[in-house]
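Understanding the architecture of this molecule
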Amino acid sequence: MPADDASRDDAKRVTFFDTTLRDGEQSPRIHLNLREKVEIAQQLARLGVDVIEAGFPISSPGDLEGVQAVAREVEGPTIAGLARANEKDIAVAWEGVRDAARPRIHTFIATSDIHMAHKLRMDRAQVLATAIDAVKLAVSLSPDVEFSCEDATRSDPAFVAEVIGAAIAEGAGTINIPDTVGYTMPTEFQRFLLELYERVPSLEGVTLSVHCHNDLGLAVANSLAGMEVGARQVEVCVNGIGERAGNASLEEMAMILRTRAEDLGGLWSGIETTEITRASRMVSRLTGYEIQPNKAIVGRNAFAHEAGIHQHGVLANPLTYEIMDAQSVGLMKSELVLGKHSGRHALRQALTDLGYELDADALNEAFRRFKEVADRKGELTAMDLEALMEDEMRVDHAHSLELRDISFAGESGEKATARVLVRGSDGEEYAGEGAGDGPVAAIIGAIDAAVGSAGTLLEYSVSAVTDGPDALGEARVLCELNGRQFTGQGVSPDVLEASAIAYLRAVTASRHADQTERMAESGV
Ligand code: KIV
Ligand code: ZN
């Protein structure tokens, strides 16, 4: 049961450091645009995370701009930017976060023998000296500095102790111990952390953080083990996304602390758990990473009781099979909010209730989209509206390819044909026709013909945003374009139209990636 506010002990508060926009964004095939990053960051703020790691500013101009936008627009959490332990990275990370009300530079260097020998080509003395210089520089710029020993759990604890002792002496306020390759196990990790406490008395005076990867499925268990021996910051990603098998999942950590607080000696967090479902859906939509149905907390089966015996028990008393209630993670019946006669004022109110704050232009665009869908679908629920808003957010009207018109022909058993009209990023309209074994192949052919792309569809799925025959359809594609993989997602009352939108998004993402690469190569 959750501890009530009065019984909460500040020493037991766990800081949530969310790295969805940095470690999460490093997952293969995730490409978030600036507006998507800001939107996710706003939701993380509503969720009550303490720190948002908004990106790795040196990695690309887009990353720097994303971090700057989050730092300038998102109020509440500390905004962190990642930097390797060198002058240029740290200076650019500071450019990224300096406008935040609470900026943080997070600098790191590897301490394991294998990383030092093969990646850094440095010996221990060089790594120690580099870490000291990096923290010194970061502290001279930022009031808040975090230092991480990459691959800490495969490092010699005596050396990690020496490096973190020096980082603390230089002024790092948070010391992060990453299990970079997801190798450690709970009790082993605890012994490692306890040895650090023993060797480095000054560790008691700063925040110990853990950053666990999920290669062996132990990220959350290891993070929890860390909290039990004194770590008070946990680094997490929404839906557990992140490099390879991902990072510790935010929603699992938050709900463990809420559900088992007493058994964890009163550990607690500031997470507003009722925002979890919305954060999870948003991240899934904007990243194109679907959530497995049986995923803890946010999978669609997590609160569903299929078996008759379970249903009976849950109806008699929810506690028979439920250890958490669905409302506590924000999973509520999606009420009807708007109909096709609803006006701009009602839309603004519904969006405000959902937590969206739109300026006049954005409201006009949202209203146009809402009317378009409401005219075809009749009524919209809160979940529909949420899906539409997130879909709308994906469109950078000045730079995206947009579907203007689409039509199909083809009897069952015959080849399908499609025609599209697409508005290019130059504002011109381009028409194309395509044919294929099915309507989706025909759409892709028509779009390729219109805009000159040449994509191969690798994965395709459609799902319904809400229940019922008139649900909005959501299509997701994974395509290969110019030798690289891109995802796209689209929402529409018509699933084929949603599929066309999804493919156009993937093509837009590939064009942006090509452009960013060209700019980076030419040094712009
Ligand atoms: O996994 C890792 O080691 C990291 C560090 C940069 C913190 O992501
Ligand atoms: Zn990581």
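Just so we're clear, the structure is a prediction, and the values are computed from it rather than from any experiment.

Overview of unusual backbone geometry
Of note in the backbone geometry, Asp151 takes a positive phi value of approximately 60° without being a glycine. One non-glycine residue, Arg244, lies in the positive phi region at around 50°. For Arg244, a relative accessible area of 46% translates into the label partly exposed.

Here we look at the coordination of the zinc ion (ligand 2)
Only Asp23 (OD), His211 (NE2) and His213 (NE2) from the protein reach the zinc ion (ligand 2) as donors, at distances of 2.0 to 2.1 Å. Linear spacing of the donor residues for the zinc ion (ligand 2) on their chain is D-x187-H-x1-H. For the pair His211 and His213, a shared accessibility class is recorded, and that class is buried.

Topic: the site of ligand 1
Near ligand 1 you find Arg22, Asp23, His106, Phe108, Ser148, Glu150, Asn176, Pro178, Thr180, His211 and His213, and these make up its full shell. Between ligand 1 and the protein, one listed contact pairs an oxygen atom with a side-chain N or O atom of Thr180 at 2.6 Å. Within the side chain of His213, an N or O atom sits 3.0 Å from an oxygen atom of ligand 1. The protein chains hide 94% of the 260 Å² of surface that ligand 1 would expose on its own. Of all elements in the fold, only α1 (20-24), β4 (103-110), β5 (145-150) and β6 (174-179) reach the threshold of two or more residues within the shell around ligand 1. Its residues assigned to classes, the shell around ligand 1 shows two nonpolar, six polar and three charged.

Quick word on the sheet that holds strand β16 (residues 473-481)
Overall, antiparallel pairing links the three strands, which are arranged β15-β16-β17 in an open sheet. Only two strands of the sheet have a single partner each, and these edge strands are β15 (456-464) and β17 (484-492). Strand-to-strand twist across the sheet, computed as the mean angle between neighbouring axes with direction ignored, equals 15°. The pairing of β15 with β16 spans eight bridges and is antiparallel. The partner of Leu457 across the bridge, within β16, is Cys479.

What about the nonpolar core?
Residues Phe16, Phe147, Ile175, Ile177 and Leu203 are the most contacted members of the largest nonpolar core, which totals 114 residues. Of all the elements, helix α7 (residues 157-170) adds the most residues to this core, at eight residues. If near-sequence neighbours (up to four positions away) are discounted, Phe147 is found in contact with Thr107, Phe108, Ile109, Ala131, Val135, Val163, Ile164, Ala167, Ala172, Thr174, Ile175 and Asn176. One finds Val420, Leu481, Ala502 and Val507 within the second-largest nonpolar core, a separate group that totals 31 residues.

Quick look at the pairing of β6
Here β6 lies mainly inside the structure; six of its six residues are buried. Here β6 shows a buried face lined by Thr174, Asn176 and Pro178 and a second buried face lined by Ile175, Ile177 and Asp179. Both β5 and β6 contribute to a ladder of three bridges, which runs parallel. Bridging from a neighbouring strand, Glu146 pairs with Thr174 of β6. Following the backbone out of β5, through α7 and into the adjacent parallel β6, one traces a crossover that is right-handed. Where β6 and strand β7 (residues 207-212) come together, six bridges link them in parallel fashion. Among the inter-strand pairings, Asn176 is bridged to a residue of β7, identified as Ser209. Crossover β6 to β7 through helix α8 (residues 186-199) is right-handed.

Details of the packing of helix α3 (residues 61-73) against helix α4 (residues 87-97)
Running from N to C, α3 and α4 cross one another at 40°; their axes reach a closest spacing of 7 Å. With respect to α4, the element α3 is oriented oblique. On α4, the residues that touch Leu64, Val67, Gln68 and Ala71 of α3 are Val92, Glu95, Gly96 and Val97. Split into classes, the residues belonging to the contact of α3 with α4 amount to five nonpolar, two polar and one charged.

With respect to the packing of aromatic side chains
Scanning the model with the defined rule gives two aromatic pairs in all. With centroids separated by 6.1 Å and ring planes inclined at 40°, the aromatic side chains of Phe367 and Phe370 adopt a geometry described as tilted. Taken as a pair, Phe367 and Phe370 lie in helix α14 (residues 360-377) at a separation of three residues, close to a single helical turn. Both residues of the pair, Phe367 and Phe370, count as buried.

Basis of the calculations
- All chains use their own residue numbering, which begins from 1 and follows the written sequence.
- Chain letters and ligand numbers both follow the written order, the letters beginning at A and the numbers at 1.
- Where local features are concerned, this predicted model is filtered to residues with pLDDT of at least 70; where side-chain atom pairs are given and counted, the filter is 80 or more; whole-chain, interface and lining totals use all residues.
- Excluding hydrogens and water, the side-chain values take into account all heavy atoms of the structure.
- Exposure is judged per residue with a 1.4 Å probe applied to protein chains only, and the accessible area is read against the type maximum: over 50% gives exposed, under 20% gives buried, and values in between give partly exposed.
- In this listing, donors mean N, O and S atoms no farther than 2.8 Å from the metal, or 3.2 Å for Na, K and Ca; water is missing from the atoms, so a site can look incomplete.
- If even one non-hydrogen atom of a residue comes within 4 Å of a molecule or strand, that residue is called near it.
- Nitrogen and oxygen atoms within 3.5 Å of one another constitute a polar contact, given that in protein one can donate a hydrogen and the other can accept it, and given that sequence-neighbouring residues count only through two side-chain atoms.
- With residues, only the protein chains shown are counted as cover, and all accessible areas are computed by Shrake-Rupley using a 1.4 Å probe.
- Only runs of H or I of at least four residues qualify as helices and only runs of E of at least two qualify as strands under DSSP, and these elements are numbered from the N terminus.
- The residue classification treats Ala, Val, Leu, Ile, Met, Phe, Trp, Tyr, Cys and Pro as nonpolar and Asp, Glu, Lys and Arg as charged. All others, Gly included, are polar.
- Two strands form a pair only when DSSP identifies at least two bridges running between them.
- Think of each axis as a best-fit line through the C-alpha atoms, taken over the contacting stretch in the case of a helix, with angles from 0 to 180 degrees between the N-to-C directions.
- Definition used in this section: a nonpolar core is a set of buried Ala, Val, Leu, Ile, Met, Phe, Trp, Tyr and Cys residues joined via side-chain atoms within 4.5 Å.
- Contacts between residues were defined by any pair of non-hydrogen atoms, one from each residue, lying within 4.5 Å.
- By definition, the crossover connecting two strands over a helix is right-handed if that path, from the first strand to the second, turns clockwise as seen with the strands pointing away from the viewer.
- The scheme is simple: roughly parallel for angles under 35 degrees, roughly antiparallel for over 145, roughly perpendicular for 65 to 115, oblique for anything else.
- Aromatic contacts are taken between Phe, Tyr and Trp rings whose centres are within 6.5 Å, Trp giving its six-membered ring; a plane angle under 30 degrees counts as stacked, one over 60 as edge-to-face, and the others as tilted.

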